[in-house]
Amino acid sequence: MFHRSGLILALVLVCGGAAHAQSPGPQPLAMPAAIPAPQDVAYPGVIRLEVDATDLERRIFNVRETISVAGPGPLTLLYPQWLPGNHGPYGQADKLAGLVIKAGGQRLAWTRDPVSVFAFHVDVPAGASALDLEFQFLSAVESSQGRVMMTPEMLNVQWNTVVLYPAGYFARQIPVAASVRLPDGWQFATSLDTASTNGAVSTFKATSLDTLVDSPMFAGRHFMKVDLTPGTSGPGNVSLNIVADRAALLEAKPEHIAAHRALVTQAAKLYGSRHYDRYNFLLALTDQLGGIGLEHHQSSENGTVPDYFTEWDKHAGVRDLLPHEYTHSWNGKFRRGADLWTPNFNVLMQDSLLWVYEGQTQYWGVVLAARSGLIKKQEALDSIAATAATFDVRVGRAWKALQDTTNDPLTIARRATAWRSWQRGEDYYQEGQLMWLEADTLIREKSGGKKSLDDFAKGFFGINNTSFVPVTYAFDDVVKALNNVQPHDWAAFLRERLDATNGKAPLDGLARGGYKLVYTDTPTDFFKAVETQQKSVNLTYSLGLTIGREARLTAVQWDGLAFQKGLTVGTQIVAVNGMAYEADRIKDAIKDAQKNATPIDLIVKKDDRFWSVRFDYRGGLRYPRLERVAKTPARLDQILAAR
Ligand SMILES: [Zn+2]
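Criteria and thresholds
- Residues numbered from 1 in each chain as written.
- Predicted model: local features only at pLDDT ≥ 70, side-chain atom pairs only at ≥ 80, totals over all residues.
- Heavy atoms only, no water.
- Helix = DSSP H or I, 4+ residues; strand = E, 2+ residues; numbered from the N terminus.
- Rg over C-alpha atoms; globule rule 2.2 N^0.38 Å.
- Buried < 20%, exposed > 50% of the residue type's maximum accessible area, 1.4 Å probe, protein only.
- Contact = heavy atoms within 4.5 Å.
- Areas by Shrake-Rupley, 256 points an atom, 1.4 Å probe, with all protein chains shown as cover.
- Lys, Arg positive; Asp, Glu negative; His and termini not counted.
- Charge placed at Lys NZ, Arg CZ, Asp CG, Glu CD.
- Salt bridge = Lys/Arg side-chain N within 4 Å of Asp/Glu carboxyl O.
- Pairing = 2+ DSSP bridges.
- Axes fitted to C-alpha atoms, helices over the stretch in contact; angles between N-to-C directions.
- Donors = N, O, S within 2.8 Å, 3.2 Å for Na, K, Ca; no water.
- 1 Å grid on protein atoms, 1.4 Å probe; cavity = no way out; pocket = protein on both sides within 12 Å on 5 of 7 lines; lining within 4 Å.
- Points joined across faces, edges and corners; volume = space filled by probe spheres on them.
- Nonpolar A, V, L, I, M, F, W, Y, C, P; charged D, E, K, R; others polar.
- Phe/Tyr/Trp six-rings, centres within 6.5 Å; stacked < 30°, edge-to-face > 60°.
- Domains from an automatic or database assignment.
- Buried area = accessible area lost by both parts, 1.4 Å probe.
- Polar contact = N/O pair within 3.5 Å; in protein donor to acceptor, adjacent residues only side chain to side chain.

### Here we look at the overall build of the protein
Okay, step 1: On a plain count of helices and strands, the protein comes out with 18 helices and 32 strands.
Okay, step 2: Rg of the C-alpha trace for the protein: 27 Å, near the compact-globule value of 26 Å for 643 residues, within the 12% margin.
Okay, step 3: In terms of its C-alpha atoms, the protein occupies a principal-axis envelope of roughly 90 × 75 × 55 Å.
Okay, step 4: Taking all 643 residues of the protein together, the buried fraction comes to 55%.
Okay, step 5: Here the contacts in the protein between residues at least 6 apart in sequence split such that 72% fall between residues at least 24 apart.
Okay, step 6: In the structure as shown, the protein presents an accessible area of about 27100 Å², 52% of it carried by carbon and sulfur atoms.
Okay, step 7: Of the side chains in the protein, 67 bear a positive and 67 a negative charge, and the two mean positions are spaced by 3 Å.

In structure tokens form, the structure reads like this:
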């Protein structure tokens, strides 16, 4: 339903106005007419879409579009706003420019709807059978403007950025025939079926707008395609399609490819099904193209570190990206929260079930990374320890329930925050992961090891093998599917964890898994690798702060020691015990303070102000890790082991 609250208000004023004396002051104007709500009927026409993606220097996508129309009269064209996988209204209407609409060669006036600013109104003249559109999508040229989607070496076509479509229809009812012109010599990957290739222009078979938007393209000068399912060239084929800033970055070793192949076989064992015809991992190894992890039914857009292959040992922390996005083909794209599924890209989404969509995907992302050998078992344990510790001290739980964090895509919208530990921010991902670890170990315990969350995955996500028609669900469906695996009061289990504002972190899965969270004075290799990758010094569990580039604080733990000293994000540490700041100096100072009972004196700076801060802290360096609890079942080891 396309809902417009203002319209309802206007009706109330008209109908009820006479019965009430009006108070002094202005009254609201009636809202403009509502945009036609999408109907599940076939659009009587087709869209032809031509994208020229060759302006690499200026990073401009030039678009020509022909929309056939049934007859004269008012028509509303929509630019996609509410994007699947974004869980919010993050279409980039600011970057659509140069829009000219013609019919039969005559330029038509258009007006943007003043309320639905992603909608354009135009009058189709008598006798016109189609509208001809021209416009540009202006990629950000710097990250301060948004995500950079084109570089001299690679580009990312997201069809929702380069299409306007008629209001009033489900996206699956609008056929689109798209083509793209790429720079000479470039190669590309997409899940669209190619109809023909003519030089640098590739034309794709007509498909629905729904499928088009769900089938983005990566293209690049340096490109490599790796078959992850050798021997399966038709349906069921999975491939890894890599673009990179430099050709040398494509040098994957056989064991790296083997781990990606194992991901496909482990996922098949887990879900017992697939919801794609052929699946394309789109992988960009780059620090130029904007980062991304975005799921689709038959592909995923993955942007990660340039040296993903060439410095393999340094990057365990990013290698759950592909397992995460692949899992979404089952959890998120195929099974989707009923309030999140929308008929087109300009209908509001609700995110109440993201603790399944993202939370359980986060869980399987790490588990499948371990089962496939993309990360070692110890790296998985260390990763879970880091997550458990983050939520062990996530004090925002005292006022903001996990359920309420599913609104963060709309309220926080991934902006930087001053107090992450208090404001929270999409915690349904990782706190959700911990909750599902609790559920998995509980099922294993109660069933005497006969059942596990694997059975839930197969029963809930694995239905309708080979179908990629989404099946939606509500809370009760999740409860029912859990009960089918192992009877328990799952409704209470979930609601307790989702609604608590005083509860402790959901860490029972560690104990039932055979481990406990401890803090020691040395970081795990995984923790160190993440620090190196983020160029940060993470002292959350001692001084309650994290130091980033230029000795600037990137996080301050709410109610922690640094908080109590009045430090905030952005404060710079200038000196430690009278010496210029270095990462090792502050760590040594913390160690000395513990050994010799000395204070830690910092000189700090924020804007133009300098001041000194003294910590009388004797707790030493503290880093999280998991410790095996002897003589308890090592269920976590079983969860992480390859099947
Ligand atoms: Zn996700």
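### Some words on the pattern of salt bridges
Okay, step 1: Within the structure shown, the criterion is met by 31 salt bridges.
Okay, step 2: Here Arg-58 and Asp-55 are joined by a salt bridge, their closest N and O atoms 3.0 Å apart.
Okay, step 3: Across the salt bridge formed by Asp-277 and Arg-278, the nearest N and O atoms sit 3.8 Å from each other.
Okay, step 4: For Asp-277, a relative accessible area of 29% translates into the label partly exposed.
Okay, step 5: One salt-bridge network, held together by shared partners, links Arg-371, Asp-440, Arg-444, Asp-454 and Arg-643.

### Some thoughts on the sheet that holds strand 19 (residues 279-285)
Okay, step 1: Spatially, 5 strands are ordered 17-18-19-21-20 in an open sheet, and the strand pairing comes out mixed. Of all the strands in the sheet, just strand 17 (223-227) and strand 20 (293-295) have a single pairing partner and so form its edges. Taking each pair of neighbouring strands and ignoring which way they run, the sheet shows an average axis angle of 15°.
Okay, step 2: By the bridge criterion, 5 bridges tie strand 17 to strand 18 (residues 238-244) in an arrangement that is antiparallel. Opposite Phe-223, over in strand 18, you have Val-243 as the bridge partner.
Okay, step 3: Contacting strand 17, strand 18 and strand 19, helix 3 (residues 254-271) runs over the sheet at an angle of about 55° to strand 17.

### Some words on the coordination of the zinc ion
Okay, step 1: Protein coordination at the zinc ion: the donors are His-324 (NE2), His-328 (NE2) and Glu-358 (OE), at 2.0 to 2.1 Å from the metal.
Okay, step 2: Every donor residue of the zinc ion comes from the same chain, spaced as H-x3-H-x29-E. With His-328 in the loop between helix 4 (321-327) and strand 22 (335-337) and Glu-358 in the loop between helix 5 (354-357) and helix 6 (359-372), this pair connects stretches of sequence that are 30 residues apart. The exposure classification of His-328 matches that of Glu-358, with both residues buried.

### Some thoughts on the layout of surface pockets
Think of a ball as big as a water molecule: rolled over the atoms, this probe shows where empty space is left.
Okay, step 1: The calculated volume of the second largest pocket comes to roughly 460 Å³.
Okay, step 2: As for the second largest pocket, its lining consists of Val-305, Asp-307, Lys-314, His-315, Ala-529, Thr-532, Gln-533, Gln-534, Lys-535 and Arg-549.
Okay, step 3: Residues of the lining of the second largest pocket, tallied by class, amount to 2 nonpolar, 4 polar and 4 charged.

### Some points on the packing of aromatic side chains
Okay, step 1: Applying the stated criterion across every chain yields a total of 37 aromatic pairs.
Okay, step 2: With 6.1 Å between their ring centres and 80° between their planes, Tyr-276 and Trp-330 make a pair best called edge-to-face. Here Tyr-276, found in the loop between helix 3 and strand 19, pairs with Trp-330, found in the loop between helix 4 and strand 22; they are 54 residues apart in sequence, far enough to count as distant.
Okay, step 3: Plain terms: the ring middles of Trp-399 and Trp-422 are 6.3 Å apart, the flat faces sit at 50° to each other, and that makes the pair tilted. Here Trp-399 is found in the loop between helix 7 (377-392) and helix 8 (408-411), whereas its partner Trp-422 is found in helix 9 (residues 420-423), with 23 residues between them in sequence.

### Some remarks on the domain arrangement of the protein
Okay, step 1: As far as domains go, the protein holds domain 1 (40-221), domain 2 (225-515) and domain 3 (542-621).
Okay, step 2: Here domain 1 and domain 2 share an interface that buries about 3300 Å² over both sides, 61% of which is from carbon and sulfur atoms.
Okay, step 3: The largest contributions to the domain 1 side of the interface with domain 2 come from Trp-82, His-87 and Phe-218, which together make up 26% of the buried area.
Okay, step 4: Between the two partners, domain 1 and domain 2, sit 2 salt bridges.
Okay, step 5: For Arg-278, the salt bridge goes to Asp-193, with nearest N and O atoms at 2.7 Å.
Okay, step 6: The interface formed by domain 1 and domain 2 contains 19 residue pairs in polar contact (both at pLDDT 80 or more).
Okay, step 7: Elements that contribute at least two residues to the side of domain 1 that touches domain 2 include exactly strand 9 (154-157), strand 12 (187-190), helix 2 (209-213) and strand 16 (217-220).
Okay, step 8: Ranked by residue count, the leading element in the side of domain 1 that touches domain 2 is strand 16, at 4 residues.
Okay, step 9: Class assignment of the residues belonging to the side of domain 1 that touches domain 2 gives a composition of 25 nonpolar, 11 polar and 6 charged.

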